[in-house]
Amino acid sequence: MRNPVRIIVGGLILAQLAGLAHAASLTEPRVGKLAGISRIVLDLPTGAGFEIEPMGAALRVTLPGQSFSAKVKKINQPELSGFTLENGSGNAILTLVTPQGVSSRSGYRETRLAAAEGKKGSRLMLDFSGAYADVTPLKPTGAFAFQKAIGTQFTAVIDPGHGGKDPGARGAVTEEPLNLEVSKRVMAQLQSAGVEVRLTRSNSGALSNDKALDLASRAAQSRGKSVFVSIHANARPAKNANKTFGTEVYFFSPTRVPNAYPSPSVPEPLRPPVTESNFFKPGEINASESIGAGIEKLGEALQLFEGSPQPVGPVPNAQILTEPNASRNEPAVTNDSNTSPAEADQLGYLPLEPTKLANSPERSLASQQLASSVLSNMLGTTASFNGGTRNADYYVIKESECPAILVEMGYVTHPVEGVQLKDSNYLDRIAYGISYGVLEYLENSLDGI
Ligand SMILES: [Zn+2]
């Protein structure tokens, strides 16, 4: 009688030998966690090359001539759901599934490092965060020129939020100087297109030590102007700081308006010639469009990771409705604040008498259009996370007398976004997006309100 145990043992030995004969050349990537970032480190043998492809919902790393032991690994970090390891056509293939999505300009950073001490080869480090955006130098290729509105003299009020005793939000960078810096860049770009611009403040001081008067004085400068744009950055308390990032644009409407998420729009002077295909690919953001041509396992991997954590950024349609009132930014104040005539004289612009324009549906609609145009262009120039256009009753946008928006450029408290807000290249992109959004709105809104 044959010994079944011997057969099984023999089979195991054969299987082990087969495994040795096809030993994987690469070890499984290591997974790390930093504040607001998921990190993957892959050891590479000497001379190993790789190709990285952002595919929307996943990042694929192809390593020619290498192999993995096939595996599906769930990670469950907010920025990374998991990965698959497989082999195909003589390549090792690592597919990393990210809830927030990746594009050639956003969602991840790659770094090639030397091998750990005492080891050969090198390391590929991949960091994932939905807050990673485009910080490459801006290369405008032409100036904006009005076509429909040629000859029209537009006027804009740019309002760098905070100042004086109130520095605004603090994180990797402080709002007050950041808001002023970006406002000055926006002013220069609008002026170069022929728009007359007034800054509500041009140094670190407030317009008044009295907060109510300060805000009323800012809003008062909007009378008779084409647009009012208040520039701010956002913040979250420490316990939520690593989870919240993105670009938001606020407007005021007396009636409830749902948050909207306009598509990114690349400003005309930045649009590449048709022959240049790789500057901006809006489709990359959309996972379902790009996955089709992907490896077979990818669809499987996405399904496996479906139950993993949701995006960590501001989730479309899901939040903030209760949030942006009073406490986080300028509180709403009334117009009949304690203005002394002497102080008002010094300011040179009295707070307005109430004109009830705050509740004008026409102004509200125009403000929404302005918000949408500015957010689209900002997303196009920065590739930042889309936090949407949102309705809020911040004083300066509620009480302005022309279409008015408040831009939240990003979160100074997020570990990735806060640092990006210190990067001059990124500020150029933000300013470019804001100013082109304003210019496109003006071009298309000749009738005004
Ligand atoms: Zn602010």
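Everything in this summary refers to the structure shown in the same document. This one's a predicted model, so the numbers in the text were calculated from it and none came from an experiment.

About the criteria used
The written sequence of each chain sets the order in which its residues are numbered from 1. The predicted origin of the model limits local features to residues at a pLDDT of at least 70 and limits the giving and counting of side-chain atom pairs to 80 or more, whereas totals for whole chains, interfaces and linings rest on all residues. The basis for every side-chain value is the complete set of non-hydrogen atoms in the structure, without hydrogens or water. For two strands to count as paired, DSSP must find a minimum of two bridges between them. Segments assigned H or I by DSSP are reported as helices when at least four residues long, segments assigned E as strands when at least two residues long, and all are numbered from the N terminus. Angular values range over 0 to 180 degrees, each being the angle between N-to-C directions of two axes fitted as lines to C-alpha atoms, with helices fitted over their stretch in contact. Whether a residue is buried, partly exposed or exposed follows from its accessible area with a 1.4 Å probe, protein chains only, as a fraction of its type maximum: under 20%, in between, or over 50%, in that order. Pairing of N or O atoms within 3.5 Å defines a polar contact, subject to two protein rules: one partner must be a possible hydrogen donor and the other a possible acceptor, and residues neighboring in sequence count only if both atoms are side-chain atoms. Whether two residues are in contact is decided by their heavy atoms, any of which lying within 4.5 Å being enough.

Some points on the sheet that holds strand S5 (residues 71-77)
Logical step 1: On the basis of which strands lie adjacent, the open sheet formed by 5 strands has the order S3-S4-S7-S6-S5 and antiparallel pairing. A strand with exactly one partner marks an edge of an open sheet, and here the two such strands are strand S3 (51-54) and S5. The sheet shows a mean angle of 15° between the axes of neighbouring strands, direction not considered.
Logical step 2: Relative to strand S7 (residues 91-102), strand S6 (residues 80-88) is paired through 7 bridges, and the arrangement is antiparallel. Looking across to S7, one finds that threonine 84 is bridged to threonine 95.

Notes on helix H3 (residues 211-220)
Logical step 1: Burial analysis of H3 places 9 of its 10 residues in the buried class, which makes it a mostly covered element.
Logical step 2: Buried within H3 we find Ala212, Leu213, Asp214, Leu215, Ala216, Ser217, Arg218, Ala219 and Ala220.
Logical step 3: Where H3 begins, one side-chain oxygen reaches toward the backbone nitrogen of alanine 212, 3.2 Å away; that side chain belongs to aspartate 210.

Description of the environment of asparagine 76
Logical step 1: Structurally, asparagine 76 is set in strand S5.
Logical step 2: Between the C-alpha atoms of asparagine 76 and proline 99, which are 23 residues apart in sequence, the distance is 9.8 Å.

Comments concerning the side chain of serine 367
Logical step 1: On the secondary structure map, serine 367 appears in helix H7 (residues 361-382).
Logical step 2: Since its relative accessible area comes to 1%, serine 367 is described here as buried.
Logical step 3: When sequence neighbours within four positions are dropped, the list of residues in contact with serine 367 reads Phe251, Pro403, Ala404 and Ile405.

Function cannot be read off these values alone, since they describe shape.
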